[in-house]
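Understanding the architecture of this molecule
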Amino acid sequence: MIGRLRDTYRRLRLGTRLALGMGVLSLVVFAVVGTALSTYMRDYLERQLNDQMKLVQTTQSKDAQAHGTVERRPYYGWYTAVYDVSGDSAVLRRPSDVPKDTVELTSFAESLARAGATEMSHTTRIEDEGAYRLRACKIGQGVVLVTAAPLEDIEDTMDQLVTVQVVAFALALLGLVVFGRAVLRRGLQPLSDMAHTARGITSHDFTDSARLPVRADRGNGGPEVEELRTAFNTMLEHIDDSLAVRTEAEQRLRRFVADASHELRTPLMSVRGYADLFQYAAANEPGERDKHLARLRAEAARMGVLLDDLLLLARLDAAEVDAPLRLEDADLAELVRQAADAFRATHADHPLTVTAGAGPVRLRLDVLRVRQVLDNLLTNAAVHTPTGTEVAVEVSVAAGAAVVRVTDSGPGIPAADQERVFDRFFRIDKARSRDRGGSGLGLAVARSLVRAHGGTIDVRSRPGTTTFTLTIPLVRDTP
């Protein structure tokens, strides 16, 4: 039974449980207050009756001394007896206004004599009469006056008081539970709204959208509920951002896989076609064999470069413990001059200007990888600009970092494409041949290598000028 009640209580809503808890607490408070009030009222009424009996006995004692007994009854239902006490026994004087059963009155008179006191009070029950308040006082040598007053009026008054308290407390308790539950439900409504919001999140379809369209609205729940709502909305914002990042990563992964498959499929088809032609040419015209073999090797080399770039990007993204960097002390200015010399040898149709300080720019870096970045930036400037376009490289030190700027005076990069030029397989000119435009991995590789060195790379472009800025800190933070 207790277990069933406990389970039923646990299934109640929080507002109902709080209201019941308030009701139980109020019931305890009402019980304590009612008991204290009833006790105080009974004591007050009994003290008042004692004072009244004392006043009555003052008059009765004079009557008893004058006539031997009390001739007048003070109040209806009261009893008065005069006893002659000798030793431990008391003898009732006649006539006396006493009940049929005088045992309690006689016993009380004897108790006063034995105690040697002048007055005593006591509450008892007289057979066939009910509860009475007895008061005995000594009015002469061996003479005791005993007065008995009924407690019926006090009992009736107490019963009425208890009845009024029970009714009043019951109504107050009922009103407290009913209205308290209504107030609590209103105060806890924001919590219900947040629960509804949470259910909306669980039923939301994230297939086409990575955003959470639900938030907990503001209400009148008080500071505590407002703090919870703020924390709840902050959590939703965090989940929203995480979902957006995840969705973007998934979309980029899909694009990456699709682009990689497309880029690899082209050289593979070429290899297969040249292999078939090579087999045919070897059987009929040996002179064509060398031509097809050279093309076959070129396609295989192109595919190998693509695979090497993909592998390098994967290792950099994975942040492997054995990072693909071999750091050593090197002069960045000297690396720039070497890259410039190689550029002049392969792109003589693009004038190149190098600006570097007189002193070296020493820092720890992977010489081969940084040289790869510089070659990519310079080659990118030559490939995507017309013949005769001027290219400039500047090396400087600013704010504790080495800065390399590669600038060309070509047509520039559209503003809509500047944020995507570092994406993998992205090409501004979709119609450009892969033989000239590359696979679209050069800038992506460059950015990953610079980040692996703890640096940054960005681009600023407008018609007539494009600048790639490479920044590498002079003192690299070690993880």
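An account of the accompanying structure is given in this report. The shown structure was predicted, so the numbers you read here are calculated from the model rather than taken from an experiment. All residue numbers here refer to positions counted from 1 along the written sequence of the relevant chain. Selection of residues for local features in this predicted model requires a pLDDT of at least 70, selection of side-chain atom pairs for listing and counting requires 80 or more, and totals for whole chains, interfaces and linings are taken over all residues. Side-chain metrics rest on all non-hydrogen atoms present in the structure, leaving aside hydrogens and water.

With that settled, consider the sheet that holds strand 5 (residues 143–150). Two strands qualify as a pair provided that DSSP identifies no fewer than 2 bridges between them. Secondary structure elements are defined from DSSP: runs of H or I of at least 4 residues count as helices, runs of E of at least 2 residues count as strands, and each element is numbered from the N terminus. Strand order in the open sheet formed by five strands is 2-1-5-4-3, with antiparallel pairing between adjacent strands. Among the strands making up the open sheet, the edge pair consists of strand 2 (89–92) and strand 3 (119–126). With direction set aside, neighbouring strand axes in the sheet form an average angle of 30°. Of the strand pairs in this sheet, strand 3 and strand 4 (residues 130–140) are connected by eight bridges, and their pairing is antiparallel. Each residue of the ladder has a partner; that of I126, found in strand 4, is G130. Whether two residues are in contact is decided by their heavy atoms: any pair within 4.5 Å suffices. Here an axis means a line fitted to C-alpha atoms, over the contact stretch when the element is a helix, while the angle between two N-to-C directions is reported on a 0 to 180 degree scale. Of the strands in this sheet, strand 1 (79–86), strand 2, strand 3, strand 4 and strand 5 are in contact with helix 3 (residues 103–115), which crosses strand 3 at around 155°.

What follows concerns the pairing of strand 1. With six of eight residues buried, strand 1 is to be regarded as a mostly interior element. Examined bridge by bridge, strand 1 and strand 5 share six bridges and lie antiparallel to one another. Bridged to Y79 within strand 5 is A148. Between the end of strand 1 and the start of strand 2, which pair antiparallel, lie two residues, with G87 showing a positive phi angle near 65°. Classification of residues uses two cut-offs on accessible area relative to the type maximum, computed with a 1.4 Å probe and protein chains only: under 20% is buried, over 50% is exposed, and between them is partly exposed.

Once that is clear, we can look at the packing of helix 9 (residues 367–383) against helix 11 (residues 442–452). The interhelical angle for the contact between helix 9 and helix 11, taken along N-to-C directions, is 145°, at an axis separation of 9 Å. Two packed elements cross with a definite hand, and for helix 9 against helix 11 that hand is left-handed. Packed against helix 9, whose contacting residues are R369, Q372, V373, N376, L377 and N380, the element helix 11 presents G442, L443, V445, A446, L449 and V450 at the interface. Of the residues assigned to the contact of helix 9 with helix 11, the class counts are seven nonpolar, four polar and one charged. By definition, turning the near helix anticlockwise from the far helix through less than a right angle yields a left-handed crossing, and turning it clockwise yields a right-handed one. Note that Gly is not counted as nonpolar here; it falls among the polar residues with everything else outside the nonpolar set of Ala, Val, Leu, Ile, Met, Phe, Trp, Tyr, Cys and Pro and the charged set of Asp, Glu, Lys and Arg.

Relative to the helices and strands, E71 resides in the loop between helix 2 (14–67) and strand 1. Given a relative accessible area of 56%, E71 falls into the exposed group. Separated by 26 residues in the primary sequence, E71 and D97 have C-alpha atoms spaced 8.3 Å apart.

A few words now on the packing of aromatic side chains. A ring pair, where both rings are aromatic, is described by two values, the distance of the centres and the angle of the planes. Two rings belonging to Phe, Tyr or Trp (six-membered ring only in the last case) form a pair when the distance between their centres is within 6.5 Å. Interplanar angles under 30 degrees mark stacking, angles over 60 mark edge-to-face geometry, and anything in between is tilted. This model, assessed by the stated rule, comprises four aromatic pairs. Look at Y79 and Y132: their rings are 5.8 Å apart centre to centre, the planes differ by 40°, and that puts the pair in the tilted class. Placement of Y79 in strand 1 and of Y132 in strand 4 is noted, with a sequence separation of 53 residues between them. On the accessibility criterion, Y79 (12% relative accessible area) is buried. You can call Y132 buried: its relative accessible area is 4%.

Once that is clear, we can look at the nonpolar core. Among the nonpolar cores identified, the biggest contains 42 residues, and L332, L377, L378 and V404 are the most heavily contacted of them. Among the elements of the structure, helix 8 (332–346), strand 8 (362–365), helix 9, strand 9 (391–398), strand 10 (401–408), helix 11, strand 11 (456–462) and strand 12 (465–473) are those that each provide at least two residues to this core. If we skip the residues at most four places from it in the chain, L378 touches A339, A340, F343, L352, V391, V393 and V406. Among buried residues, those of type Ala, Val, Leu, Ile, Met, Phe, Trp, Tyr and Cys that are joined through side-chain atoms within 4.5 Å constitute a nonpolar core. Core analysis: the second largest hydrophobic core is formed by 18 residues, V98, F108, A136 and V144 among them.

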